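Here are the chains, one letter per residue:
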Amino acid sequence: MPLSSHMTELTESKEISNLWPEVIKDFDIESFKQEVLSKQSFEEQIEVFDKSFNLFRNYYLCVTKADRKVLFSIYCGCSGCREKGERYSSEKEQIFNQFRARKYVALQKELDAIPNFVERVYHGYKYFGEGSGPYSYVPYEDAPEEFRASTLPKNGQEKEVWNIHVVDNLNETYFYNEDSSYYKKSYNYLARQINNQLRFAIYPQEVLAREIERIRQTYERPDLNIDAVSGLKGISTHERVGVEEFRNLVSGKPFDIFNGFSSLTFALVRLEQCQIVQYLRYLEEVRKYLSNTGTLPNSIMNNPLPPAYDPIITKTIRTLSRGYTSKSDYNLIDDQVKELSKEQAYTFLSRIAEGLKYVLTEHIKNCQHPPGQCTHQQAIERAHNSIANRLLDFIPVEPEAKATDSSGILSGLNNSQTVLLIYYTLKLFGLEPRKNMDVSQAAKVAHLLTGKELTTVNNSDLYQKFKQVPNFKQDKGLIEDLEIVKLRFKKAQLNEAVKMIDNEIETAKMERLNKQ
């Protein structure tokens, strides 16, 4: 069976150990035994085992229960079987080792074909189980180097990528997870709490001073200077962090997992130190701003999104761009949006959409699949479209202009120009009528923004134009409308929309020349 057919997470049957997930449901041990025993050679018997069992993890050819009770066996190389001479011979051992070596060589070719280091490590998990991290796997003891299957980093860059990945996962599991006991030690939580206190404080300077002193008393040691980055050397008296290591950590550089932690507790100690240093710096920045201006920053008092939401946005982008999502992922986003004002929700969703757009662009640059055939790319696109659609509920609307006010963005535009302006505005958010947005919805947005009465969608001139946008006019008329609309985007400094319109104008001009 080809390696790629086992591209599912390893699981254990409640009855039989080490079966491939896809055969667990239909596995019948009696039928399996008959098939194995019907084969004339040991090599053929191994092939039968290979179809049902994960021989990457098995050093024996046995059917065992979860409690290790052996139900059927044709080979075992353990010390007990070797001594007794049961189910073991040196000839079988050699044949089985050679078979497994060939599988490891084939797996290494699969691993080498995966450019993304994290994906390569996770690919190894599918054969050897999760939690092992980057590792070098051997088909048998003292196997030559050429028979090994390795997910170890090949260079410093891959090592750094894995370190960052591990830290991100630990942060998500412990410091960004509200169910974790570490959540209330996170910068995210602490900044939210202090922002709420400052927002309603009569004397915010005193609130800040008390909080900074609390942090210092909690984490500072008599012989350490908390103002130096290396100051927080240990939350636990049993753990100490090297000065240079910690300086790299809080300055954003990855620390070395491979030379890593003595325990998970030590890892979390260091990550907690990161959160605290980030929080303390935030407190100092707010105090400095308050001292210089006499007021709190807009990020605390007004609508712009507070910095405490930055890690939530980063985590959300990472979750939605991993290639698979669930309804619960979007439920978490919707729950988060409910906590925000309309303007904050718009900023929150916009930054997620922008992040996904960046991830998608980078993925396309490095993707090895033919255009249109990458399922990971398609998944990111779906996630981006889902966020972009949510944005429609929070698009800021300026107060209604007076009848005599001609300064509105849609004022003075005919229906064709109005449709073009809305069309390119939607494209800025990754939405395009007829492609990933229903035309009738786009038309209704146009009626909403123009204030024109809508009787039925089919009778709407705006709807009819959205069905063909941008090509609902002949070249000359289209170019004139595009030039008018482009000026509106230029005035708003929306340069990406200006570029899209320029491209459309050039296309229209070429088509016009071709007709002459």
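Quick look at the structure, then. Remember, it's a predicted structure, so these values are computed and weren't measured experimentally.

Describing the pattern of salt bridges
For step 1, the next point in the chain: Taken as a whole and judged by the stated rule, the model has 15 salt bridges.
For step 2, the next point in the chain: Across the pair Arg192 and Glu339 runs a salt bridge, and its minimum N-O distance is 3.6 Å. Highlighted residues: Arg192 in helix α7 (residues 187-199) and Glu339 in the loop between α13 (327-338) and α14 (342-366), separated in sequence by 147 residues.
For step 3, the next point in the chain: With relative accessibility at 15%, the residue Arg192 sits in the buried group.
For step 4, the next point in the chain: The partner of Asp461 in a salt bridge is Lys465, and the shortest N-O contact between them spans 3.0 Å. With Asp461 and Lys465 both in helix α18 (residues 461-466) and four residues apart, this pair spans about one turn of that helix.

Comments concerning the environment of Leu296
For step 1, the next point in the chain: Here Leu296 shows up in the loop between α10 (264-293) and α11 (298-301).
For step 2, the next point in the chain: C-alpha of Leu296 to C-alpha of Gln205: the two residues are 91 residues apart in sequence and 9.6 Å apart in space.

Section: a negative patch on the surface
For step 1, the next point in the chain: The grouping of Glu43, Glu44, Glu47 and Glu91 at the surface amounts to a negative patch.
For step 2, the next point in the chain: The dominant element in the negative patch, judged by the number of residues it contributes, is helix α2 (residues 42-52), at three residues.
For step 3, the next point in the chain: Locating Glu47 in the fold gives a position in helix α2.
For step 4, the next point in the chain: For Glu47, a relative accessible area of 38% translates into the label partly exposed.

Comments concerning the packing of helix α1 (residues 29-37) against α2
For step 1, the next point in the chain: Packing of α1 against α2 brings their axes to within 8 Å, and their N-to-C directions diverge by 150°. Classed by the angle they form, the pair α1 and α2 counts as roughly antiparallel. On α2, the residues touching Phe32, Glu35, Val36 and Leu37 of α1 are Gln45, Val48, Phe49, Lys51 and Ser52.
For step 2, the next point in the chain: Here the contact of α1 with α2 is built from residues that sort into five nonpolar, two polar and two charged.

Re the state of the cysteines
For step 1, the next point in the chain: Under the definition given, this model contains zero disulfides.
For step 2, the next point in the chain: Among the cysteines around Cys78, which has no disulfide bond, Cys81 carries the closest sulfur, lying 3.5 Å off.
For step 3, the next point in the chain: Cys78 gets classed as partly exposed once you look at its relative accessible area, which sits at 37%.
For step 4, the next point in the chain: Left without a disulfide partner, Cys367 is nearest to the cysteine sulfur of Cys374, which lies 3.6 Å away.

Considerations on the side chain of Lys103
For step 1, the next point in the chain: Along the chain, the position of Lys103 falls in helix α4 (residues 90-112).
For step 2, the next point in the chain: Accessibility expressed as a relative area gives 10% for Lys103, which makes it buried.
For step 3, the next point in the chain: A polar contact of 3.0 Å, which involves the side chain of Lys103, links it to the side chain of Asp50.

Digging into the pairing of strand β2 (residues 70-76)
For step 1, the next point in the chain: Taking burial as the measure, the seven residues of β2 include five buried ones, the bulk of the element.
For step 2, the next point in the chain: Here strand β1 (residues 60-64) hands over to β2 after five residues, with Arg68 in that stretch at a positive phi of 75°.

Some remarks on the packing of aromatic side chains
For step 1, the next point in the chain: Tallying each qualifying case throughout the model produces 24 aromatic pairs.
For step 2, the next point in the chain: Both rings, one in Phe27 and one in Phe32, keep their centres 5.3 Å apart while their planes meet at 50°; by these two values the pair is tilted.
For step 3, the next point in the chain: We classify Phe32 as buried; its relative accessible area is 4%.
For step 4, the next point in the chain: With a centroid separation of 6.2 Å and an interplanar angle of 35°, the aromatic rings of Tyr75 and Tyr88 are classed as tilted. Taken together, the residues span a long stretch of sequence, with Tyr75 in strand β2 and Tyr88 in the loop between α3 (79-84) and α4 at a distance of 13 residues. In this structure, Tyr75 and Tyr88 share a single accessibility class: buried.
For step 5, the next point in the chain: Aromatic ring contacts, followed pair by pair, group Trp20, Phe56, Tyr104, Tyr127, Phe128, Tyr135 and Tyr137 into a single cluster.
For step 6, the next point in the chain: It is Lys185 that lies over the ring of Tyr182; its NZ or CZ is 5.2 Å from the centre.

Reading the values: the criteria
- Residues numbered from 1 in each chain as written.
- Predicted model: local features only at pLDDT ≥ 70, side-chain atom pairs only at ≥ 80, totals over all residues.
- Heavy atoms only, no water.
- Salt bridge = Lys/Arg side-chain N within 4 Å of Asp/Glu carboxyl O.
- Helix = DSSP H or I, 4+ residues; strand = E, 2+ residues; numbered from the N terminus.
- Buried < 20%, exposed > 50% of the residue type's maximum accessible area, 1.4 Å probe, protein only.
- Patch = residues over 30% accessible without salt bridge, like charges linked within 9 Å, V, L, I, M, F, W, Y side chains within 5 Å.
- Areas by Shrake-Rupley, 256 points an atom, 1.4 Å probe, with all protein chains shown as cover.
- Lys, Arg positive; Asp, Glu negative; His and termini not counted.
- Charge placed at Lys NZ, Arg CZ, Asp CG, Glu CD.
- Axes fitted to C-alpha atoms, helices over the stretch in contact; angles between N-to-C directions.
- Parallel < 35°, antiparallel > 145°, perpendicular 65-115°, else oblique.
- Contact = heavy atoms within 4.5 Å.
- Nonpolar A, V, L, I, M, F, W, Y, C, P; charged D, E, K, R; others polar.
- Disulfide = S-S within 2.5 Å.
- Polar contact = N/O pair within 3.5 Å; in protein donor to acceptor, adjacent residues only side chain to side chain.
- Pairing = 2+ DSSP bridges.
- Phe/Tyr/Trp six-rings, centres within 6.5 Å; stacked < 30°, edge-to-face > 60°.
- Lys NZ or Arg CZ within 6 Å of the ring centre and 35° of its normal.

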